[in-house]
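# Breakdown of the fold
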Amino acid sequence: MPELPEVEVVRAGLARHVTGLAVNAVAVHHPRSVRRHLAGADDFAARVVGEQIVAVRRRGKYLWLPLSSGDAVIAHLGMSGQLLVRPFDAPTELHLRVRLGFADAEHDLRFVDQRTFGGLAVSRDGADLPAEIAHIAPDPLEPAFVDEVFRQRLRRRRTGLKRAMLDQTLVSGIGNIYADEALWRAKLHYARPTETLRRPEVDRLLLAVREVFAAALRAGGTSFDALYVNVNGQSGFFDRSLEAYGRAGEPCSRCGTPIRREVFMSRSSYFCPRCQPRPRRARW
DNA sequence: TTCTGCTCCTGAGGGC
DNA sequence: TGCCCTCAGGAGCAGA
């Protein structure tokens, strides 16, 4: 389940392997994977073939590849998307959705996506932040992220803390796994009303998010199964360092209380009921 | 305007 | 062995 660290690992890998290459072939194997490109698969291919990939950039969980034409290929991995650099004669993956071939290279770029929540599209705004993802807020590792702006916007919300953390228009890059991990580190309950957060608590949360992201980046990301891999098809190791997510029933490493799992927003939330006590007035 | 809940999707795993 | 059900969750959208 790719979140910021995983997407950053993919971005760095793509930057090494595809920057400067000219696309000479595009094959769309599943139309759903280009559904955000409203003009359709043929137009998607026509806009990419013949163009050179100038760079590989990221905002939150989105990637975009500016092209020599001034357009950009936008990519989101969804839950199970992979961008793989493979020898062009390597066997076809079961869930191969889109394939880009290159002139003067012995490898191709494959978008493989089991659950098809991810996808590719072409934007006309390749030079800067594409308009299609302009609503995505900066992530806490970006220089453009201003802590004070985040504090104010968070405290103006009238919702639960985890729901706010997952809102990519408020802060980007955080998904279910790292939200639980950061909340555990910051000793905050996921249903804490955002308007009741004090400044030191928001600062603690931001520090926790940055620590979790940094640790995950060092480990190459989190991988519970084969669904998250880098461009070479290798898994990360951060799942071995998780303190809360996926550890229901196991003792909290701080206090020994069993980690609890609750369903929230139709997904699992893991927390320590002692370190992260439920607020008297919870917001879901 | 803001917030909430539904929907999309596929395969693994468990129960019968 | 085969069928059915549940679970996993990012993000857009509709409705309150």
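Let me begin by describing the structure that accompanies this report.

Parameters and conventions
Residues numbered from 1 in each chain as written. Chains lettered and ligands numbered in written order. Predicted model: local features only at pLDDT ≥ 70, side-chain atom pairs only at ≥ 80, totals over all residues. Heavy atoms only, no water. Pairing = 2+ DSSP bridges. Helix = DSSP H or I, 4+ residues; strand = E, 2+ residues; numbered from the N terminus. Axes fitted to C-alpha atoms, helices over the stretch in contact; angles between N-to-C directions. Contact = heavy atoms within 4.5 Å. Core = buried A, V, L, I, M, F, W, Y, C linked by side-chain atoms within 4.5 Å. Buried < 20%, exposed > 50% of the residue type's maximum accessible area, 1.4 Å probe, protein only. Near = heavy atom within 4 Å. Polar contact = N/O pair within 3.5 Å; in protein donor to acceptor, adjacent residues only side chain to side chain. Nonpolar A, V, L, I, M, F, W, Y, C, P; charged D, E, K, R; others polar. Expected span 1.5 Å × (residues − 1). Salt bridge = Lys/Arg side-chain N within 4 Å of Asp/Glu carboxyl O.

### Regarding the sheet that holds strand E2 (residues 57–59)
Spatial ordering of the open sheet is given by E2-E3-E4-E8, a layout of four strands whose pairing is antiparallel. With one partner strand each, in any of the chains shown, E2 and strand E8 (119–123) form the two edges of the open sheet. Across the sheet, the mean angle from the axis of one strand to that of its neighbour is 25°, orientation sign disregarded. Relative to strand E3 (residues 62–66), E2 runs antiparallel, the two sharing three bridges. The partner of Arg59 across the bridge, within E3, is Tyr62. Relative to E8, helix H2 (residues 41–48) is tilted by about 60°, and along the sheet it contacts strand E4 (72–76) and E8.

### Quick look at the nonpolar core
One recurring pattern in soluble globular proteins is that nonpolar side chains are buried together. Grouped together as the largest cluster of nonpolar side chains are 40 residues, with contacts concentrated most on Phe150, Leu154, Leu161 and Met165. Mapped by element, the contributors of at least two residues to this core are helix H3 (147–156), helix H4 (161–165), helix H5 (176–186), helix H6 (199–219) and strand E10 (267–271). No other element matches the eight residues that H6 contributes to this core. Here Leu161 is in contact with Leu154, Leu183, Leu188, His189, Tyr190, Ala191, Arg192, Thr194, Leu197 and Leu205, once residues within four sequence places are set aside. By size, the runner-up hydrophobic cluster in this structure holds 29 residues, among which are Leu14, Val26, Leu67 and Leu100.

### Quick look at the protein's contact with DNA strand B
Within the structure, DNA strand B sits among Arg32, His95, Gln114, Arg115, Thr116, Phe117, Arg157, Arg158, Thr159 and Arg163. Near-protein atoms of DNA strand B (within 4 Å) split between backbone and bases, with sugar and phosphate holding 73%. One of the side-chain N or O atoms of Gln114 is found 3.4 Å from a sugar or linking oxygen in DNA strand B. Within the contact set of DNA strand B, a phosphate oxygen lies 3.3 Å away from a side-chain nitrogen or oxygen of Arg163. Split by residue class, the surface near DNA strand B holds one nonpolar, four polar and five charged.

### Section: H6
Its 21 residues place the ends of H6 30 Å apart at the C-alpha level, agreeing with the 30 Å of an ideal helix rising 1.5 Å per residue. Within the span of H6, buried status applies to Glu201, Val202, Leu205, Leu206, Ala208, Val209, Val212, Phe213, Ala215 and Ala216. Along its buried surface, H6 packs onto helix H1 (4–18), H3, H4 and H5. Looking one or two places after H6, you find Gly220, whose phi comes out positive at around 85°.

### Notes on the pattern of salt bridges
Where side chains of opposite charge bring their charged atoms close, a pairing between them can arise. Inspection of every chain in the model, using the stated rule, returns 22 salt bridges. The residue Arg157 makes a salt bridge to Asp167 at a minimum N-O spacing of 2.8 Å. You can see Arg157 sitting in the loop between H3 and H4 and its partner Asp167 sitting in the loop between H4 and H5, a full 10 residues away along the chain. Note on Arg157: relative accessible area 21%, which makes it partly exposed.

### Focus on the protein's contact with DNA strand C
Lining the immediate surroundings of DNA strand C are 16 residues, of which His76, Met79, Phe117, Tyr245 and Arg261 lie closest. Here, DNA strand C places atoms within 4 Å of the protein, and 62% of those atoms are sugar or phosphate. At 2.7 Å, a side-chain N or O of Arg261 approaches a phosphate oxygen of DNA strand C. Ser268 places a polar side-chain atom, nitrogen or oxygen, 2.8 Å from a phosphate oxygen of DNA strand C.

### Re the pairing of E3
Counting buried positions over the five residues of E3 gives four, a clear majority of the element. Linkage of E2 to E3, two consecutive antiparallel strands, is achieved through a turn of two residues, within which Gly60 is found at a positive phi near 55°. Across five bridges, the pairing between E3 and E4 is antiparallel. Counterpart to Leu63 in the pairing with E4 is Ala75. In textbook terms, the turn of a hairpin is the stretch between consecutive antiparallel strands, and for E3 and E4 this stretch comprises five residues, one of which, Gly70, has a positive phi near 100°.

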